[in-house]
Structures are given as structure tokens and as C-alpha cells.
Amino acid sequence: MLKNSSLSRRCFLHVSLSGLAGATAVAVGKNRYLMYPCQALDKPKRDFEVHGLAPLRKRAAAKGLIYGAASMQDYLVSDKNLEASLKSECNILVPENELKWDFLRPAPNKFDFTRGDWLAQFAIRNGMLFRGHTLVWHQQQPQWFKEVVNRQNAEKFLVEHITTVTKHYAGQMHSWDVVNEAIEPNDGLKGGWRRSPWFEFLGSDYIELAYQVAAQADPKAMLVYNENDLEYDTPKHETKRTIVLKLLERLKSRGTPIHALGVQSHLMGHETHFNPKKLRSFLSNVASLGLKILVTELDVIDQQLPSSTYERDRIVAARYEDYLSVVLDERAVIAVLTWGLSDRRTWLSMFTPRSDKTPVRPLPLDSNLQRKVAWNAMARAFDHAPKR
Ligand code: 9MR
């Protein structure tokens, strides 16, 4: 773990040396965060101090929360050290890809549960909960999907897929992301629906159908609607929050068996439009529908942050702590999952590489599996969270 006192001293120095240019930073208002990463922390003396060495899962559990991470099966098969870190820090595991259509459905009439089952057994063997991601999505469809699925048979495929997969894991699943990312106002459809094959073939009714079928096949799993782009105070995210809330209200009012909202939380290190009040009030509105909330895919994209590892890590950590302290204030939030645990294995290495070619650092553990200040930030957020 990093020594916190030396961190704050270095940051302090940086701020005082940059006094002159600091005037520019003030003049450009909100954008000053982009120019002065240390000031971005709001409190230059922020020390990310943590008491004790207890892992995240224990700190979360002390508040009635669950902490865990996503992983691919091959990461764990090939990497005993990553496996050990996951077992030590996490209480819940979600397959990053293995339960998506392209992994599960080699052919229209064939299911292959090998990799998903390996991960389920891994979770059970190690006393972790297991989470399913995802039954209905517009991405990661198998090659054959486009040629085979059409308006006439889409409902049959949807029902068969959900029934087979949820039955297969019934009794083992803590929660299922039944529908993922169904809203995309930028697609220009009335109502803000995403132009997904499911919407195009079945209209918006596919959503309700998906929850009904999942509830019938696995009455014990918590059924989640999972969505991205809900976190910031931008017109795009505001629109999405409004539409998602309406969708949840409608589903609840029709008695649809939906139990929770998954807020993906792929945070952007450089984004300054974070409004705790608006986010907090959105979460309250969701909770008031009787829904639980899960942070399902947390990480901090550092693509546009400074090269300095020291500065970058502190900004990433600040984003974690600022975000989680707002989110965990809502008692309907029951779980936090990061999308990966260590910088050694993150989708962002490929999706948002840095122009300076330095490795991305979006997760709580570094690529040597050492705890970073982002880990401290998470630990602090759990330690300060109200009990539920
Ligand atoms: O992490 C996943 C990556 O390995 C896949 O290539 C990618 C394909 O789109 O999906 C990633 O996971 C996504 C998740 O399933 C849904 N929310 C966004 C995640 C990051 O793209």
C-alpha cells in the first residue's frame, strides 16, 4: 500500500509551484480540473488515509454491502496471483463475458456452459456470490445471430435463451442483468429506445417479457436492469436518467418482476460535470420505487489524465471516493462491483489506451496486484458508508 503522508506532501508541492498558472485555472472555471489535477482533488491535502489492512469485501460487509469484481475465466485459470487477490478482496464474482450470447451460443441449437460453469464453481468454492451478465443485449451476439434471428422467431429465441440460461444457474445466482443498455436517446427513436435487434423485432414489449420469463425460470435471483451513462451532470446523462426512471416506473406499475437497477459506473477521470445532488436525487427516486441499486461495472477511465503515475492515481482515487460517497449514502445500494480488480486485466487497455503509451490504471489494484490509492479511496468510502 502506498504511504499516504508522502503523497499529500508531493501534491501540496505541486500546487504551490503552479501558483501562477493557477490563475488561468480559475479563469476557465470548471475546466481547471483538466489543467491542475491536484486541484481536481478539491482538497490538496487529501491523504486517502485508511485504518487497518482489511480487504474491501470485509469493509463492505461491515456495512451490509457486497463488494466484488468482474473477471474472465482465462484470467483466473492462468494467473494464480490474480486468483488469490480476487479471493482475498471480493465477495461476489461476475463473468466479464462468459454468460453473453457469443460465449454461450456456438450454434442456434447449442448452448455451451463450460466457461460459465467454471466461474460459478470458482465462486461457490470460494464462498463468493455469483452474478449473471447479461441475458438481453444488443452486443456480443454470435455470428449466426444476424442470419438466423428475425421478426418471426425473435420471441422464441429470446424466451428459449432466457429460460435455458436462468434455469441452468437457478439457485446459484445472486442476481441477473436481465436487460442491458436498452435506452440510447442518440439513436433517435421515439421514447429513447436503443435501436437494438430486440427492439426492432419485438418493440419495447421485449423488456417486460424478458423479466417475466427470467422470474419464472429462477424465482430466487434478483432481477436487474443494467444501464450506462447515468452518472454525470451532462444533458446526455440527464436525459438518460429521466428515461430510465420512466422505464422503471412503468415496469413497476405493471407488476413486472424487476428488483434492482444496475448503474454501470464507467467513470471518466477527466469529467468534471459531477453533481452529487442530482445523482443522489436520481438514486432516491429509484429507491422510492422499491428497487435496490447495484454499482455493477465501476472503473475510472484515465485516458485523458496526466502521464505522471502519482498524479493520475490521485485523480482516479478522488473520482472513486467522490462517487462512492454519494452513491453509498443511498441505503438502497446493496453492492459495488468493479469491472476487473487489477490494472493487469482491464477492458480499458484495449478500449481506451493512452496516447503516451503508458499502461492504463483504472482499477483498485495495480498491475503487480498492489493496492493503489484507488483501493484506499474505495476502502474509505465503505468505512464511511452508513450501515444498511
Ligand atoms: O469488458 C467487456 C469486454 O471484454 C468486451 O470486449 C466488451 C464487448 O462490448 O464488453 C465489455 O463489457 C461491457 C459490459 O458487458 C457492458 N457494459 C460495458 C462493458 C464495457 O464495454
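Let me sum up the structure you'll find in this document. The shown structure was predicted, so the numbers you read here are calculated from the model rather than taken from an experiment.

Examining the packing of helix 11 (residues 154-168) against helix 13 (residues 205-217)
Thought 1: Helix 13 packs onto helix 11 with a crossing angle of 30 degrees between their chain directions and a minimal axis gap of 9 Å. Between helix 11 and helix 13 lies a crossing whose hand is right-handed. Across the interface between the two elements, Glu155, Leu158, Val159, Ile162, Thr163, Thr166 and Lys167 from helix 11 touch Tyr206, Leu209, Ala210, Val213, Ala214 and Ala217 from helix 13.
Thought 2: For the contact of helix 11 with helix 13, a count of residues per class yields nine nonpolar, two polar and two charged.

Regarding the nonpolar core
Thought 1: If you look at the biggest cluster of nonpolar residues, it comprises 105 residues, and the most contacted ones within it are Tyr67, Trp176, Val179, Tyr206 and Tyr225.
Thought 2: Per-element tally for this core: the top contributor is helix 16 (residues 309-327), with nine residues.
Thought 3: Core analysis: the next-biggest nonpolar cluster, separate from the first, contains 12 residues, Leu294, Ile334, Ala335 and Leu337 among them.

Some thoughts on the packing of helix 14 (residues 235-253) against helix 15 (residues 276-287)
Thought 1: At a closest axis distance of 10 Å, the pairing of helix 14 and helix 15 adopts a crossing angle of 10 degrees. The angle between the axes of helix 14 and helix 15 places the two elements in the roughly parallel class. Between helix 14 and helix 15, the contacting residues are Glu238, Arg241, Val244, Leu245 and Leu248 on the first element and Lys278, Phe282, Asn285 and Val286 on the second.
Thought 2: Of the residues assigned to the contact of helix 14 with helix 15, the class counts are five nonpolar, one polar and three charged.

Side note on the pairing of strand 5 (residues 222-227)
Thought 1: Burial within strand 5 is extensive, with six of its six residues counted as buried.
Thought 2: Residues Met222, Val224 and Asn226 line one face of strand 5 and the alternating positions Leu223, Tyr225 and Glu227 line the opposite face, and both faces are buried.
Thought 3: Relative to strand 5, strand 4 (residues 175-180) runs parallel, the two being bridged by five bridges. Residue pairing across strands places tryptophan 176 opposite leucine 223, the latter belonging to strand 5.
Thought 4: In terms of handedness, the path from strand 5 via helix 14 over to strand 6 (residues 260-263) forms a crossover that is right-handed.

Some remarks on the environment of phenylalanine 282
Thought 1: With respect to the secondary-structure elements, phenylalanine 282 resides in helix 15.
Thought 2: Along the backbone, phenylalanine 282 and leucine 230 are 52 residues apart, and their C-alpha atoms lie at a distance of 9.1 Å.
Thought 3: Apart from the residues within four sequence positions on either side, phenylalanine 282 is in contact with Leu230, Arg241, Val244, Leu245 and Leu261.

Examining the site of the ligand
Thought 1: Lining the immediate surroundings of the ligand are 15 residues, of which Glu96, Lys100, His133, Gln139 and Glu297 lie closest.
Thought 2: At a separation of 2.6 Å, an oxygen atom of the ligand approaches a polar side-chain atom of glutamate 96.
Thought 3: Measuring from an oxygen atom of the ligand, one finds a side-chain N or O atom of lysine 100 at 2.6 Å.
Thought 4: Here the ligand, which alone exposes 460 Å², has 84% of that area covered by the protein.
Thought 5: Across the shell around the ligand, the residue classes tally to four nonpolar, seven polar and four charged.

Describing the pattern of salt bridges
Thought 1: Under the criterion given, the structure shown has 25 salt bridges.
Thought 2: Note that arginine 280 is salt-bridged to aspartate 329, the shortest N-O span being 2.8 Å. In this pair, arginine 280 sits in helix 15 while aspartate 329 sits in the loop between helix 16 and strand 9 (333-338), placing the two residues 49 residues apart along the sequence.
Thought 3: Aspartate 329 sits in the partly exposed class, given a relative accessible area of 36%.
Thought 4: In this structure, arginine 361 and aspartate 313 form a salt bridge, with 2.8 Å as the shortest nitrogen-oxygen distance. Of the two residues, arginine 361 sits in the loop between helix 17 (348-351) and helix 18 (373-384) while aspartate 313 sits in helix 16, which places them 48 residues apart along the sequence.

Quick word on the pairing of strand 1 (residues 66-71)
Thought 1: Of all the six residues making up strand 1, six are buried; the element is thus mostly covered by neighbouring parts of the structure.
Thought 2: Pairing analysis gives four bridges linking strand 1 to strand 9, with the strands arranged parallel. Note on strand 9: the bridge partner recorded for glycine 68 is leucine 337.
Thought 3: Taken together, the four bridges between strand 1 and strand 2 (residues 92-95) define a ladder with parallel strand orientation. Considered in strand 2, the bridge of serine 71 is made with proline 95.

Re the side chain of serine 175
Thought 1: When you line up the elements, serine 175 lands in strand 4.
Thought 2: Here the side chain of serine 175 touches arginine 131 through a polar contact of 2.7 Å, side chain to side chain.
Thought 3: What serine 175 contacts, discounting residues up to four positions off in sequence, is Phe130, Arg131, Gly132, Met222, Val224 and Leu294.

Analysis parameters
Residues numbered from 1 in each chain as written. Predicted model: local features only at pLDDT ≥ 70, side-chain atom pairs only at ≥ 80, totals over all residues. Heavy atoms only, no water. Axes fitted to C-alpha atoms, helices over the stretch in contact; angles between N-to-C directions. Helix = DSSP H or I, 4+ residues; strand = E, 2+ residues; numbered from the N terminus. Left-handed = near helix turned anticlockwise from the far one by under 90°. Contact = heavy atoms within 4.5 Å. Nonpolar A, V, L, I, M, F, W, Y, C, P; charged D, E, K, R; others polar. Core = buried A, V, L, I, M, F, W, Y, C linked by side-chain atoms within 4.5 Å. Buried < 20%, exposed > 50% of the residue type's maximum accessible area, 1.4 Å probe, protein only. Parallel < 35°, antiparallel > 145°, perpendicular 65-115°, else oblique. Pairing = 2+ DSSP bridges. Right-handed = clockwise from strand over helix to strand, strands pointing away. Near = heavy atom within 4 Å. Polar contact = N/O pair within 3.5 Å; in protein donor to acceptor, adjacent residues only side chain to side chain. Areas by Shrake-Rupley, 256 points an atom, 1.4 Å probe, with all protein chains shown as cover. Salt bridge = Lys/Arg side-chain N within 4 Å of Asp/Glu carboxyl O.

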